[in-house]
Amino acid sequence: MRALAGERTERPPIWLMRQAGRYLPEYHGVREAAGGMVGLCNSPEHAVEVTLQPIRRFPLDAAILFADLPQIAAALGQTLEYRVGDGPVLTPPIRSASDITEFLSASRLHEELAPIYETVRQLTHALPDDVALIGYAGAPWTVATYMVEGRGGGDSEHALVKQWALSDPDSFQPLIDLLTTAVIEFLDRQIEAGAEAIQLFESWAGILPDPLFQRWCVKPVAAIVTALKAKHPSVPIIAFPRGAGLAYDGFVQATGVDCVGLDSTVPLGWAAQKVQRELGRCVQGNLDPQLLVKGGPALHAETDRILRALGGGPFVFNLGHGIVKTTPPEHVAALAQQVRSWVAPSTQ
């Protein structure tokens, strides 16, 4: 929490995106007991358990709520299921302005998301006092990509949402507006339930050209930050605009976030100079998850490079994307121990 507030800490805190999940053997038993992913996310008992699993195993400084990004789309009216080989599938897909009004409604939003709020409430009591609780949501553009495509997918698989958003932005705007309002309310309820910090995942920021990056990514995130800060001024907000490239420059100021998550391609020197020194803000990131899979000397060396580059300012150690399911848990343990034992050179 001190790092997110812009303070340089004695050593960087550490948590990892997707730190609860498929790479942990104990996770699979809980998922099976819950009846699959939808049941797991909607069962506070099971969601609390998988959120706590990495905290029991590793010396991490934060836990992130276990839920799934498309749940807010399901709460608005789409049907969410998980298919082997496809991951989350949303039906019917939203393909036009008329679909927005026909299929989507915010009237039952909080009723549908109530299990998530209960999970947050239970975690506030279950977590150790020195482990922060992070709530989260997908940012509007990223949730919209799921809703229009009907599923997740790689960068090359976003033809439908890009064709609509780029060719007819005015008809696409109501979907972003609906999601912006829903995300504000969703995160507000998480904070009221006990979330101490918030992360916005903009997983598909990198697929937009600059003018529409400003319209679909920057402006909605700025609106969310403004609304949440008006009600919860002390709650820090992290935004992760993955793949934004040159558009990272200016994102922090334009959105007002307290901390920006860095993907693995972001130059560390730029982040240290621009974000930490000039803006006095926190950065989070940005180890490549494949190095965590590989482990060994390469993992140790890159972790040290990141610590040296960013450890002089407000910094939260994390990955440049989520943990890969083939990651050996012992590599996570080694990484966490290396970060926990690191001391900035000027304070040694």
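Let me sum up the structure you'll find in this document. None of these values were measured; they are calculated from a predicted model.

Our focus in this paragraph is the nonpolar core. One recurring pattern in soluble globular proteins is that nonpolar side chains are buried together. If you look at the biggest cluster of nonpolar residues, it comprises 126 residues, and the most contacted ones within it are Trp141, Met147 and Phe172. It is helix 9 (residues 169–193) that contributes the most residues to this core, ten residues altogether. In contact with Met147, other than residues within four places in its own chain, are Ala73, Leu76, Gln78, Leu90, Pro93, Ile94, Leu104, Leu175 and Leu179.

Right, let's get into the packing of aromatic side chains. As enumerated under the stated definition, the model contains ten aromatic pairs in all. Consider the rings of Tyr117 and Phe186, whose centres lie 6.1 Å apart with planes at 50°: the pair is tilted. Here Tyr117 is found in helix 6 (residues 109–126), whereas its partner Phe186 is found in helix 9, with 69 residues between them in sequence. Arranged with centres 6.2 Å apart and planes meeting at 45°, the rings of Phe213 and Phe251 form a pair that is tilted. With Phe213 in helix 10 (residues 210–231) and Phe251 in helix 11 (residues 251–255), the pair connects residues that are 38 residues apart, well separated along the chain. For the residue pair Phe213 and Phe251, the accessibility class agrees, reading buried in each case. An aromatic cluster of at least three residues, connected via ring pairs, comprises Trp141, Trp164, Phe172 and Trp216.

Rules behind the numbers
- Residues numbered from 1 in each chain as written.
- Predicted model: local features only at pLDDT ≥ 70, side-chain atom pairs only at ≥ 80, totals over all residues.
- Heavy atoms only, no water.
- Core = buried A, V, L, I, M, F, W, Y, C linked by side-chain atoms within 4.5 Å.
- Buried < 20%, exposed > 50% of the residue type's maximum accessible area, 1.4 Å probe, protein only.
- Helix = DSSP H or I, 4+ residues; strand = E, 2+ residues; numbered from the N terminus.
- Contact = heavy atoms within 4.5 Å.
- Phe/Tyr/Trp six-rings, centres within 6.5 Å; stacked < 30°, edge-to-face > 60°.

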